Amino acid sequence: MLQFVLSGVAIGSIYGLIGMALAISFYVTRIINFAQGELMMVTVMVTAELASSGYPVWLAALAGLACSCIVGILSYVIAVRPILLSNRFSFGWLVSTLGFAVIVENAAAYIWGPTSQAFPPILNGISLPIGGAVLTAQQLLAIVTAAVLAAGFEIVRRYTLFGKLGMATAADPEMASAIGANTTIVAIVAFAISAIYAGIAGLLIGPSTFANPYLGDTFGTYGFIAMMIGGGTERPIAAMFGGLLLGVCAEGANALINSQASDWFPFIVLVLILIVSPKGLFSTSNPLFRPRRVAVTRG
Amino acid sequence: MAPAFDTQSGTAAPRLRIGRWRAAGLAAVLIAYLAATAYVAHTDLGLQSLVLVAAVFGILAISLDLVAGMLGLYSLGQGGFFGIGAYATTILANDYGWNAFGLLALVLAATGLIGMAVGAMSLRVSGLYFAITTFIFTLVLTVLATDMVTVTGGLQGLLGPAFPDFPASLEWLGTPLVWCIMLALLACLGLVWNIRHSPLYPILLSIRDAEPFAEAAGARTAAIKVGVFGVSAAMAGGAGWLFSFLGVVSPSQFDWSVSLNVLVMVLIGGINTSIGPVVGAMFVSMFPNVVNINPWLQEIVYGALSILAITLLPDGVVGIARRALARRAGGIAPAAEAASAEAMPTAPATAASPASPTDSEVIVECRGIEFGYGLGPKVLRNVDLAVRRGHIHGLIGPNGSGKSTLANVISGRLTPHAGEVLLKGTRVDGMPASSRSRLGLRRTFQAAQLVKELTPTQNVMVGLFDRVPRIVGRAPLWPMLASGRRDLAAMQRRASEALSLVGAGDWTARQVADVPHGIEQLTQLASVCVAGPDIIVLDEPATGLSAKEVRHLAAILANLKTQGVTMIIIEHQTRFLFPLCDRVTVLNAGEVILTGSADEVRADPVVRQVYLGE
Amino acid sequence: MSEQPTLEINALSAGYGRFDVVRDVALSVGKGEAVALLGPNGAGKTTVLRAIMGLVKQRRGLIRIGGTDVSALPTHRIARGLAAIAPEGRRLFLDQSVEDNLLLGALHLRHDKARTQTLLASVYDLFPVLKAYRQRLSSFLSGGEQQMVAIGRMLMSDPEIMLLDEPSVALSPVAVDIVVKAMLELRKRGASLLLVEQRTDVATRVCDRLYVMTHGEIVDEMKPETIRSGGMSILNKYLG
């Protein structure tokens, strides 16, 4: 029982980070970046490549994050901005971000080949017994990092001018520009931050999955589910809660039903949650978890 | 494709000739299509499978365009319905030996019903969330197909059943599957083409772009959406049935990326066009076979092309072609001034002193209406309103006083928290807007709710929705039915007449996006009048009209009054409103201050202070 | 007026889609002057304000603020000290506190802490009630208080010209009075105002000059005294 909760929280914090990455870019631009999983993959591949050619792991990891940051900004400039400029409410972004994902994924497969490569171990090998269960240091690192990043995001959002500006841009982009905000810069920064979140998730999961160009598909999908379960489309932090729930459900299903159950059980959970609360469990529209906020008065 | 309606132009004889030419052209296209099918049916297997896969995806793309293009429901569930069809057919035919055509009927019915269920569930959410919930539907099905190894064969998939052979007498036709798939594609094209040429088409577009307008015209928009989504799902399921005969059925052939690819097809080919989806499907499905390079580079090129297509050609290939054709054909704008005084209706100007009975029965009544948005403050407080038959009843008040809200409560857009609304003595406050339309109530909107890409005539036809029987049922076969052609011609005639009557007769053939604001307002009015309603609620009809147009509008309204139509008019411009009105009600901050004749209202000191600002 | 006007507009046409909502508009606001744009719904008054802020994509003609030609500048550049708007519907950032809303108004002054604090103090001086509510979410405020925050947010950017779009809409008479007094106080402090109004009484109390707009064009210009001395009937001719 404790074992699957702990390992569920560990893997869930990875899903949560990717979910938050999706949610952060959605928050500012109102589009879902289908290339988000690929941004994570870019970090993993670049880090693995540099580490295997002899660079220190920390340097390789930094370079990997920088690369996914650049690719993330490119995804905004190439696949998102032209669509937003033409028509904010059409679904063209669905196609363009997916097209961007296809390009990145296959470019990686072209450069590094479709097979998995070694990823430098960061803290593997050490494990800590907790109660009757075991948590590897790698898992612990994932949980702590996710907690720090989630809390950090909330602190920045609520207590810094940039965070407040981000909220303002999310709520009313036109009014934000009318108080002097360059909304393009805000969006680019949001995409860069979301790329870093996805990249960090990649660094945390890399040692267990190895480096594979198709990593982005799987984890992008799980990140998306995390965001939807949590309701990250309204509050990015909710995607982290969604991720944790998803992780625990998946590991729990594996432990209690059968070893394949993690493939389908989370989806059942997702469907049930969306039937009850279409915008996610921790969203503002869910009466159960409604944060304090009064409906907008008509003006 | 030929333009949808052009019956407004020209006399009968040339129209007949055009009709004949079109029939001949259609026959030629059909024969060419069948000849091409015969050619494919006799050619080698490689080309056959290339064409057949493209055709199956063509059907899939048409099924998506039906909901995405005409209803604005961007479904990512098409892959899921496709998979249900393919798996059901494969499993039931291989393991239980069911007849292929019996399975077709089963698959169509089952996917249609599932589609309606998914649609009904997803309708609680709109736009992006509709796409997401249908996306998750596909995701769940893919996972189930992958994991239920004993039934579905897991990732390896299953080998599809063989398609039944032709009877010996028909063997000269070639491969039967080719005929079956190509005829199915033709049937789907025909179905969509028919809908596009039926009066259902403007109604579907108005549900997409101006749902309140469609509802006010009597359309049960939710039911129509669910029904059309069911048809679309059945079409995707049918495509799955066809696909199962083409080889192996495995989860990767209908996972979420397939749903997205179908959307790419539709968007590249041209959304909401008859052949665009098929063009897109051909491009996307044949692309890997035509561009023969390293598979990863090929994917990269595909990704880049889809980004380019979507950023540079937002209307798709067909949209571009159509615009090029339109530019060549050109078009002459009618005289700039909208409602010319000459086009005035034949109404005697009885506006000044309406000779209406002052003691006729009450036809619209509100009792103690309370309403507020969300948890915000009350917008309407204990509002009573009684409108007598044949009267023009003005509703004035400062901005934010609740006038439009009251109009929405009367017409059924909003349900009051407390109080009663009665129409002709029937209590209606629990009824949807579409049912109130059947009681003879129509309304216009402050910001004209019209479909920009249709002509005023087509928009006015939406107003006839509940005056013509079985539009929805007949739509799939409409142009082929004698009753359909007759009704369509009658509807077009009535719509053009209504437009001429309000003075917008010169603008019938242009898109609403290209007409001036005044004509938009008049089109709205025509779409209401065409149905011959007893009661009309007008929300700021004079907004944005020139002084001349306002005078014209006043004459039209006075004319309607002589025909016994009751009107409730919300208006700021008291100079326009007061001469028309029998009674005026003044609202302020959600409460009725006063109801009386125009003179009484004008003389009231409170009204002068609050509203007239003196 | 010998010196250059704070706001000068000439031959402005602006709109959305294929039609210009506003055609060939010319107007000016002098330094320390308050000018009103009157007209019925749909006359294009709001579009003029939006065009000044650069919020209307399609605009032609000359817009000059304090000598700077802004007709080609993007919105966020105009908003940095040239013009600021208290828009129609107030459009506060409802999920943020009163003070955050105000501080966001001074975005371009974020490195000048002292000036920001002075401005904040002057807003609280103008609307003492906001100081009491400074930590409150702005969605919890009444309509009048929200309008105060919108005006305060506009002041915080210390602009050359202040644009107010129907500040009296949907407010109780008491709240309208507070807003009018605030505008008069701003005038005393030397601010230049361009006010869009439907209520003639509000406009005549605050402004030096009034432009009348109908159907996207400016059709008349008058003084408040003209209106008080019987010009109401002329005005009614336009306003209906």
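Worth saying up front: this structure is predicted, and the values here are computed from it rather than measured.

Enquirer: Could you clarify how one ought to interpret the overall build of chain C in this entry?
Expert: From N to C terminus, chain C includes nine helices and 10 strands. Here the C-alpha radius of gyration of chain C, 17 Å, is about what a compact globule of 240 residues would show, namely 18 Å. Each of the three principal axes of chain C carries a C-alpha extent, and together these read 45 × 40 × 40 Å. By the burial criterion, 58% of the 240 residues in chain C qualify as buried. Looking at chain C as shown, the accessible area adds up to about 9300 Å², and 50% of this sits on carbon and sulfur atoms.

Enquirer: What's the story with the packing of aromatic side chains in this structure? I'm lost.
Expert: For any pair of aromatic rings, the description rests on two quantities: the centre-to-centre distance and the angle between the ring planes. Residue and element names in this part refer to chain B. All chains considered together, the criterion is met by 19 aromatic pairs over all chains. Consider the rings of Phe81 and Phe229, whose centres lie 5.9 Å apart with planes at 75°: the pair is edge-to-face. With Phe81 in helix 3 (residues 78-96) and Phe229 in helix 10 (residues 221-244), this residue pair connects regions lying 148 residues apart in the sequence. Phe229 shares its class with Phe81; the two are buried. Arranged with centres 5.1 Å apart and planes meeting at 55°, the rings of Phe82 and Phe243 form a pair that is tilted.

Enquirer: Teacher, can you tell me more about helix 1 (residues 2-29) of chain A here?
Expert: Count 3.6 residues to each turn of an α-helix, and residues three or four apart come out pointing the same way. Residues and elements named next belong to chain A. A rise of 1.5 Å per residue sets the reference length of helix 1, with its 28 residues, at 40 Å; its end C-alpha atoms lie 39 Å apart and thus fit the reference within 8%. Counting buried residues along helix 1, 24 of its 28 residues qualify, which places the element largely inside the surrounding structure. At the exit of helix 1 stands Arg30, carrying a positive phi of roughly 60°.

Enquirer: Help me understand the side chain of Ser274(B) in this model?
Expert: Residues and elements named next belong to chain B. Residue placement: Ser274 occurs in the loop between helix 11 (256-269) and helix 12 (276-290). Owing to a relative accessible area of 7%, Ser274 belongs among the buried residues under this scheme. At a separation of 3.0 Å, a polar atom in the side chain of Ser274 contacts the side chain of Arg196.

Enquirer: I tried to follow the domain arrangement of chain B on my own but got confused; where do I start?
Expert: Many authors give the size of an interface as the accessible area that is lost as the parts come together. Residues and elements named next belong to chain B. Splitting chain B by domain gives domain 1 (33-165 + 173-263), domain 2 (356-440 + 533-614) and domain 3 (451-532). The C-alpha-based centres of domain 1 and domain 3 are spaced at 32 Å. Contacts between domain 1 and domain 3 engage 20 residues on the former and 21 residues on the latter. Buried surface at the junction of domain 1 and domain 3, both sides included, amounts to about 1700 Å², of which 76% is carbon and sulfur. Of all residues in domain 1, Asn194, Pro199 and Phe213 give up the largest surface area on contact with domain 3, accounting jointly for 30% of the area buried on that side. Along the contact surface separating domain 1 from domain 3 lie one salt bridge. Where Arg208 meets Glu453, a salt bridge forms, and the shortest distance between an N and an O atom there is 2.8 Å. Those elements that place two or more of their residues in the side of domain 1 that touches domain 3 are helix 7 (176-196) and helix 8 (200-209). With eight residues, the top contributor of residues to the side of domain 1 that touches domain 3 is helix 8. Partitioning the side of domain 1 that touches domain 3 into residue classes produces 13 nonpolar, five polar and two charged.

Enquirer: I tried to follow the interface of chain B and chain A on my own but got confused; where do I start?
Expert: Counting from both sides, the interface comprises 40 residues of chain B and, opposite them, 42 residues of chain A. Interface of chain B and chain A: buried area, both sides summed, is about 3700 Å²; carbon and sulfur atoms make up 83% of it. It is Tyr129(B), Trp296(B) and Ile307(B) in chain B that bury the most area against chain A; as a group they hold 17% of the surface buried on that side. In this structure, the connection of chain B to chain A is made through one residue pair in polar contact (both at pLDDT 80 or more). It is helix 5 (residues 128-147) of chain B that provides the largest number of residues to the side of chain B that touches chain A, a total of 11 residues. Across the side of chain B that touches chain A, the residue classes break down as 28 nonpolar, nine polar and three charged.

Enquirer: How do you make sense of the nonpolar core when you look at a structure like this?
Expert: Most often, soluble globular proteins have nonpolar side chains that are buried together. Core analysis: the biggest nonpolar cluster contains 290 residues, and Ile32(A), Leu557(B), Leu7(C), Leu27(C), Ile52(C) and Leu194(C) have the highest contact counts within it. With 15 residues, the top contributor of residues to this core is helix 2 (residues 45-71) of chain B. Excluding residues that lie within four positions of it along the chain, Ile32(A) makes contacts with Leu22(A), Phe26(A), Trp93(A), Thr97(A), Phe224(A), Met227(A), Leu128(B) and Ile132(B).

Enquirer: Just checking my understanding: could you explain the environment of Leu82(C) for this structure?
Expert: Residues and elements named next belong to chain C. Secondary-structure assignment places Leu82 in the loop between helix 2 (75-78) and strand 6 (83-86). Remark: the alpha-carbon pair of Leu82 and Leu49, spanning 33 residues in sequence, is separated by 13 Å. Each residue touching Leu82, except ones within four places of it in the same chain, is listed here: Ile65, Thr68, Val70, Leu73, Arg77, Pro159, Glu160 and Ile161.

Enquirer: Could you clarify how one ought to interpret helix 20 (residues 517-529) of chain B in this entry?
Expert: All names here are of chain B. Over its 13 residues, helix 20 extends 19 Å from the first C-alpha to the last, a length consistent with the 18 Å expected when each residue adds 1.5 Å. In terms of burial, helix 20 is a largely internal element, 11 of the 13 residues being buried. Every buried residue belonging to helix 20 is among Gly518, Ile519, Glu520, Gln521, Leu522, Thr523, Gln524, Leu525, Ala526, Ser527 and Val528, and all of these are buried. Those residues of helix 20 that are buried lie in contact with helix 9 (211-216), strand 8 (441-443), helix 17 (456-462), helix 19 (482-502), strand 9 (535-539) and helix 21 (547-562).

Enquirer: Explain the environment of Gln4(C) here, please?
Expert: Residue and element names in this part refer to chain C. Assignment of secondary structure puts Gln4 in the segment before strand 1 (7-16). Exposure remark for Gln4: the relative accessible area of 46% places this residue in the partly exposed category. For Gln4 and Gly190, which are 186 residues apart along the polypeptide, the C-alpha to C-alpha distance reads 16 Å. Every residue in contact with Gln4, bar those within four places of it in the chain, is listed here: Arg64, Gly66 and Gly67.

Enquirer: Which parts of the structure should I look at to understand the environment of Leu128(B)?
Expert: Take Leu128(B): it is sitting in helix 5. Taking the relative accessible area as the measure of exposure, Leu128(B) reaches 17% and is therefore buried. When sequence neighbours within four positions are dropped, the list of residues in contact with Leu128(B) reads Phe26(A), Ile32(A), Phe91(A) and Trp93(A).

Enquirer: I keep staring at the pairing of strand 2 (residues 133-136) of chain A and nothing clicks. Help me out?
Expert: Both faces of the sheet carry side chains from a regular strand, because those side chains alternate between them. Residue and element names in this part refer to chain A. Only one face of strand 2 is covered, namely the one carrying Ala133 and Leu135; the face carrying Val134 and Thr136 has none of its residues buried. Where strand 1 (residues 127-130) lies against strand 2, four bridges are found, and the strand directions are antiparallel. Bridge assignment links Ser127 to a residue of strand 2, and that residue is Thr136. Connecting strand 1 to the antiparallel partner strand 2 that follows it, the hairpin turn spans two residues, and Gly131 within it adopts a positive phi of roughly 60°.

Conventions used here
- Residues numbered from 1 in each chain as written.
- Chains lettered and ligands numbered in written order.
- Predicted model: local features only at pLDDT ≥ 70, side-chain atom pairs only at ≥ 80, totals over all residues.
- Heavy atoms only, no water.
- Helix = DSSP H or I, 4+ residues; strand = E, 2+ residues; numbered from the N terminus.
- Rg over C-alpha atoms; globule rule 2.2 N^0.38 Å.
- Buried < 20%, exposed > 50% of the residue type's maximum accessible area, 1.4 Å probe, protein only.
- Areas by Shrake-Rupley, 256 points an atom, 1.4 Å probe, with all protein chains shown as cover.
- Phe/Tyr/Trp six-rings, centres within 6.5 Å; stacked < 30°, edge-to-face > 60°.
- Expected span 1.5 Å × (residues − 1).
- Polar contact = N/O pair within 3.5 Å; in protein donor to acceptor, adjacent residues only side chain to side chain.
- Domains from an automatic or database assignment.
- Contact = heavy atoms within 4.5 Å.
- Buried area = accessible area lost by both parts, 1.4 Å probe.
- Salt bridge = Lys/Arg side-chain N within 4 Å of Asp/Glu carboxyl O.
- Nonpolar A, V, L, I, M, F, W, Y, C, P; charged D, E, K, R; others polar.
- Core = buried A, V, L, I, M, F, W, Y, C linked by side-chain atoms within 4.5 Å.
- Pairing = 2+ DSSP bridges.

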